[in-house]
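Now for the letters of each chain:
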Amino acid sequence: MFGPLIVKPSKAKGDKTGSWRVQLRPKFLQKNCIGCKMCLLICPEGCIQGKEKNTYITDYNFCKGCGLCAKICPKSDIIMIEETSEGEKK
Amino acid sequence: MKQFLEGSRAVAEAVKLCKPGVISAYPITPQTHIVEELAQMVADGELNAQFVNVESEHSAASVVLGAVATGVRAFTATSSQGLIYMSEVLFNIAGLRLPLVLTCANRALSAPINIWNDQQDSVSLRDSGWIQLYAENNQEVVDFHLMAYRVSEDKTIMLPVMVCMDGFILTHGMESVDIPEAEKVDIFLPPYKPLYQLDPAEPITMGLLADPDYYMETRFAIQETFKDVLKFIPKVSEEFRSIFGRDYKDGLVEEYYTKDAEKVIVAMGSVCGTIKEVVDELRQKGKKVGLLKIISYRPFPYSRVCDVLKDVSKVAVLDKAVSLGALAPLAVEIKATFFGKKKSPKIISSFVAGLGGRDITLESIREVFRKLTQKEVSSEFIDLKPELLKEEYGE
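Predicted, not measured: the structure shown is a model, and the values here were computed from it.

Draft legend 1. Main features of the packing of helix H1 (residues 7-18) of chain B against helix H6 (residues 138-152) of chain B. Residue and element names in this part refer to chain B. Look at H1 against H6: their axes get within 9 Å of each other, and the N-to-C directions meet at 25°. With respect to H6, the axis of H1 lies roughly parallel. Judged by the twist between their axes, the crossing of H1 over H6 is right-handed. Here Gly7, Ala10, Val11, Ala14, Val15 and Cys18 of H1 come into contact with H6, specifically with Asn138, Val141, Val142, His145, Leu146 and Tyr149. Tallied by class, residues from the contact of H1 with H6 come to 9 nonpolar, 3 polar and no charged.

Structure, rendered in structure tokens:
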């Protein structure tokens, strides 16, 4: 019998790191956003997308819940919320 | 063909017949002669292999790990401190499911430094995921190497095998050994065909991080595979018998006058030869004694041991290693075999002997049989010198 041993090379997209989140997830309020892109630039996973103000959002399949986007947002328009509160956990 | 050979030379001849593509080793007493002979064979062009000289056992094990990962048959040998130094890589080789054969020339562990024989080194690595076979004499050493590659490389097994031979007693002992014919070995042991291999043209990753979501399955799989090994070794042993003529029965244990025995010693390795002599002697006097030799220590053949010993009233387990602070390693397995069983020996006594090369003589074995009475003893040291012991530290 064999367990998982061999990994074929793949892109980072194949590694859904969203499962790493343990307690908190960012919530993009999309109210006071000025489109400064700081959240997009600081995200270590590179999983935040957006163009205009109030359009920025993260991909929860990859977001590890590190909280850097919420910390750097100059308008405090991103907040960290409990995984279980406000809707479904991904 | 029968030849009068030193044990190490016999191993080298056996390995040569298995045609490894890569050999890497670091010399350590009493393994040195094995790799010395192999290096000579490679230098003389008798063996078409790459002999990689390295700066340590850790590197030697790493080299053979890498070699097997690229799909080449490989070989290494070591002893004692060298084996312990390799241990990190040995767990990796098993975890990566790489088939490899390693000869362990059994030797005591430091400190105090001691180059002589006991089985502490390999026994200490019993949990590493390696199959461990213990040889009684040099003929077995030769044959077990062939069987080891055959078991190791089977697609259903894919686990490394450690062939353990007692240092000096076997490695430096001269014996008449039947070296198998190359053509027969080629039939018994076809070239190694890897399931996966490292290849730049088709890249894969072996041994990648396995987080809590994946790790347990890798361990469970090895545990399950060991059950298959217990069924597979007898098949290989039978195949071996049909090609080479030597019969190791199921290849897991050897029974010697156990059928009607009242007292049986359980042991591993070269000491079994000495025990057989005492058994013969006592049998001539009409005493019903016997020997159960454990060949496969990992996987441990619990049900076979149970079958052999369940009707024996007194069993002595002779260990050439200790688990300091606990029962002796082989004794633990024998006791575990019978835990909760209705039919079991009345007495299972445990003896420790021959540590650091202290000779286990015929008299030592007679003493074990004598001490195997109604009173069960636990980890009793045989041939101890009490005059060397004192109660407090210092002079």
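Draft legend 2. Looking closely at the sheet that holds strand S6 (residues 131-134) of chain B. Residues and elements named next belong to chain B. Here we have 7 strands laid out as an open sheet, ordered S3-S2-S4-S5-S7-S6-S13, and mixed in their pairing. Of all strands in the sheet, those with a lone pairing partner are strand S3 (50-53) and strand S13 (296-298), marking the two edges. Going across the sheet, the axis of each strand differs from the next one's by a mean of 20°, ignoring polarity. Examined bridge by bridge, strand S5 (residues 101-106) and strand S7 (residues 161-166) share 6 bridges and lie parallel to one another. Its bridge partner lying in S7, Thr103 is registered against Val163.

Draft legend 3. Molecular detail of unusual backbone geometry. Look at the link from B:Thr29 to B:Pro30: it is a cis peptide, with omega at 0°. For the peptide bond that leads from B:Ala111 to B:Pro112, omega is -5°, which places it in the cis range. Within the chain, A:Lys37 stands out as a residue other than glycine whose phi angle is a positive 75°. With respect to the helices, strands and loops of the structure, A:Lys37 is situated in the loop between strand S2 (24-28) and helix H1 (38-42). Phi at B:Phe168 takes a positive value of approximately 65°, unusual for a residue other than glycine. Tracing the sequence through the fold places B:Phe168 in the loop between S7 and strand S8 (174-178).

Draft legend 4. Fine view of the environment of B:Glu136. Residue and element names in this part refer to chain B. Summarising the element assignment, Glu136 is placed in the loop between S6 and H6. The spatial distance from the C-alpha of Glu136 to the C-alpha of Gln197 is 35 Å, given a sequence separation of 61 residues. When residues no more than four places from it in sequence are discounted, the contact partners of Glu136 are Gly269, Ser270, Cys272, Gly273 and Lys293.

Draft legend 5. Structural context of the interface of chain A and chain B. Chain A puts 9 residues into the contact, and the matching count from chain B is 16 residues. Looking at the side of chain A that touches chain B residue by residue, the class counts come to 7 nonpolar, 1 polar and 1 charged. Where strand S1 (residues 6-7) of chain A meets strand S9 (residues 205-206) of chain B, 2 bridges bridge the pair, whose relative direction is antiparallel. Bridge pairing in S9(B) links A:Ile6 to B:Met206.

Draft legend 6. Representation of the environment of A:Pro9 within the structure. Considering the arrangement of structural elements, one finds A:Pro9 in the loop between S1 and S2. Residues A:Pro9 and A:Lys27, spaced 18 residues apart in sequence, show a C-alpha to C-alpha distance of 33 Å.

Draft legend 7. Expanded view of the domain arrangement of chain B. Residues and elements named next belong to chain B. Along its sequence, chain B is organised into domain 1 (2-244) and domain 2 (253-388). Look at where the C-alpha atoms of domain 1 and domain 2 centre, and you get two points 27 Å apart. Contact residues are listed per partner, giving 26 residues for domain 1 and 20 residues for domain 2. Broken down by secondary-structure element, the contributors of at least two residues to the side of domain 1 that touches domain 2 are helix H5 (120-123), S6, S7 and helix H8 (215-244).

Draft legend 8. Structural context of the sheet that holds strand S12 (residues 289-294) of chain B. Residue and element names in this part refer to chain B. Across the sheet, 6 strands lie side by side as S10-S12-S11-S14-S15-S16; this open sheet has mixed pairing. Each edge of the sheet is formed by a strand with only one pairing partner; in this case those strands are strand S10 (253-256) and strand S16 (380-381). Across 6 bridges, strand S14 (residues 314-319) lies against strand S15 (residues 347-352) in parallel orientation. Residue Leu318 lies in a different strand from S15, and its bridge partner there is Phe351.

Draft legend 9. Summary view of the nonpolar core. B:Leu133, B:Val163, B:Val266, B:Val317 and B:Leu318 are the most contacted members of the largest nonpolar core, which totals 117 residues. When residues of this core are assigned to domains, at least three fall in each of domain 1 (2-244) and domain 2 (253-388) of chain B. Apart from the residues lying within four places of it in its own chain, the contact partners of B:Val163 are B:Val101, B:Thr103, B:Leu133, B:Ala135, B:Val141, B:Phe144, B:His145 and B:Ala148. Among the nonpolar cores identified, the runner-up in size contains 12 residues, and A:Cys39, A:Cys47, A:Ile48 and A:Tyr56 belong to it.

Rules used in this analysis
- Residues numbered from 1 in each chain as written.
- Chains lettered and ligands numbered in written order.
- Predicted model: local features only at pLDDT ≥ 70, side-chain atom pairs only at ≥ 80, totals over all residues.
- Axes fitted to C-alpha atoms, helices over the stretch in contact; angles between N-to-C directions.
- Helix = DSSP H or I, 4+ residues; strand = E, 2+ residues; numbered from the N terminus.
- Parallel < 35°, antiparallel > 145°, perpendicular 65-115°, else oblique.
- Left-handed = near helix turned anticlockwise from the far one by under 90°.
- Contact = placed C-beta atoms within 7 Å.
- Nonpolar A, V, L, I, M, F, W, Y, C, P; charged D, E, K, R; others polar.
- Pairing = 2+ DSSP bridges.
- Domains from an automatic or database assignment.
- Core = buried A, V, L, I, M, F, W, Y, C linked by C-beta atoms within 7 Å.
- Buried ≥ 20, exposed ≤ 12 C-beta atoms within 10 Å, placed from the backbone.

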